[in-house]
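Given next are the chains, with one letter for each unit.
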Amino acid sequence: MALNGKIAVVTGAANGIGKAMTEKLLQNGAKVTLLDVNETAGKNLMESLQKEYGQEKTLFMKCDVESEEQIKDAFHKTIETFGGMDILCNNAGILDESQWEKTVSINLVAVIRVANLALEQMSKLSGGRGGVIINTASMAGLGPLPSCPVYTATKHGVIGFTRAMGAASAASGYGVRINAICPGFVQTDLFSRIPSKLGKLSHLDDLNQQLIEKFGILTVSEVADPFFELVTDETKNGEALLVVPSRKQYVTFPGLP
Ligand SMILES: NC(=O)c1ccc[n+]([C@@H]2O[C@H](COP(=O)([O-])OP(=O)(O)OC[C@H]3O[C@@H](n4cnc5c(N)ncnc54)[C@H](O)[C@@H]3O)[C@@H](O)[C@H]2O)c1
Ligand SMILES: CCCCC[C@H](O)/C=C/C=C\C=C\C=C\[C@@H](O)[C@@H](O)CCCC(=O)O
């Protein structure tokens, strides 16, 4: 999928991995709507990107992925402004074991809500032109992080949803590929805040340090390249792509007996 003229929406676009996804998409010719609750960071980034890529290439909207109304407004504004919607980067997420309901609400419920609302716009069966959805899961969606069991659960859920929804989309003829990117540890604000976000399991942070030693830490740019492969490789659907400093790997899952 060449990106010139393609139109993307990125949630959690103002910082971290979402910001890197946004920049990668713009570098390759796409137009991008940036969505984030952090209005200051989002507006500052949009102004910077408009100077680099042109006024007509980016749009920022303050948007809380927990709000169905705000997501619907963002998709309608994207289509009104740019003329369509081809790519969704379902990326916004938090890690906060002391606010576990909010973590589930943002990391799983909202990922499902945003994907379903995007399919209403993108599916060829409802007047869309097809495209691709990339859900941001995590290595914690493939193996447990004892210090953050709720976060682990949400990311396992994102991978299960991705695999099932990708199969459903193919079987239904939506024309929309759905994949998950599963980064290991990535140097971002979320990563930096972890020790203060573990709640009653904060005594287990030393286990995290052991895992960080084992797997290393990615830069956001190191996530952007494999992400771009999931966007552009039209053979990829229902995939979970693990990314750690030493390797990237399409995960194979045990089949049903
Ligand atoms: N940093 C890591 O080690 C790592 C590894 C694997 C996966 N992830 C996942 O990558 C995604 C991005 O995380 P990050 O590390 O870049 O974090 P980050 O905190 O640096 O950036 C997340 C962005 O999402 C925004 N956001 C948070 N809640 C939101 C909401 N309700 N609505 C809209 N925007 C919201 C924040 O304002 C922020 O700009 C998350 O889903 C996270 O779980 C992170
Ligand atoms: C406490 C850090 C939270 C960061 C959240 C972010 O999503 C990053 C997660 C990164 C890594 C998670 C690793 C989980 C590892 C264990 O499940 C381990 O058992 C997996 C072993 C897999 C292997 O190949 O050995």
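Residues numbered from 1 in each chain as written. Chains lettered and ligands numbered in written order. Predicted model: local features only at pLDDT ≥ 70, side-chain atom pairs only at ≥ 80, totals over all residues. Heavy atoms only, no water.

This is how it is decided: UniProt positions are given in the numbering used here, feature names are shortened, and annotations may be inferred rather than shown by experiment.
The name given to the protein in an unreviewed UniProt entry is 15-hydroxyprostaglandin dehydrogenase [NAD(+)], with Collichthys lucidus as the source organism. Comment text from UniProt for the protein, heading Sequence similarities (unreviewed entry), reads "Belongs to the short-chain dehydrogenases/reductases (SDR) family."

**Some thoughts on helix H1 (residues 16–27)**
Selection criterion: Secondary structure elements follow DSSP: runs of H or I of four or more residues count as helices, runs of E of two or more count as strands, with numbering from the N terminus. To estimate the expected span of a helix, subtract one from its residue number and multiply by 1.5 Å. A simple rule labels every residue: compare its accessible area, found with a 1.4 Å probe on the protein chains alone, to the largest value its type can have, and call it buried under 20%, exposed over 50%, or partly exposed in between.
Between its first and last C-alpha, H1 extends 17 Å over 12 residues, near the 16 Å set by a 1.5 Å rise per residue. Looking only at H1, the buried set comprises Ile 17, Gly 18, Ala 20, Met 21, Thr 22, Lys 24, Leu 25 and Leu 26. Backbone geometry just downstream of H1 places Gly 29 in the positive-phi region, at approximately 95°.

**Description of the site of ligand 2**
How we decide: Any residue with at least one heavy atom within 4 Å of a molecule or strand is counted as near it. Here a polar contact is recorded for every N or O atom pair within 3.5 Å, except that within protein the pair must consist of a potential hydrogen donor and a potential acceptor, and residues adjacent in sequence are included only if both atoms are side-chain atoms. Note on areas: Shrake-Rupley, 1.4 Å probe, and residue coverage restricted to the protein chains presented here. Following the grouping adopted for this structure description, the nonpolar residues are Ala, Val, Leu, Ile, Met, Phe, Trp, Tyr, Cys and Pro, the charged ones are Asp, Glu, Lys and Arg, and the polar ones are all others, Gly among them.
As a structural note, the neighbourhood of ligand 2 is formed by 16 residues, with Ser 138, Gly 143, Pro 144, Tyr 151 and Ile 194 the closest of them. Taking Ser 138, its side chain carries an N or O atom lying 2.6 Å from an oxygen atom of ligand 2. Between ligand 2 and Gly 143, the relevant distance is 3.1 Å, taken from an oxygen atom to a main-chain nitrogen or oxygen of the residue. Calculation on ligand 2 without its partners gives an accessible area of 660 Å², and the protein chains cover 80% of this total. In terms of residue count, helix H7 (residues 205–215) provides more of the shell around ligand 2 than any other element does, three residues in total. When its residues are assigned to classes, the shell around ligand 2 shows nine nonpolar, five polar and two charged.

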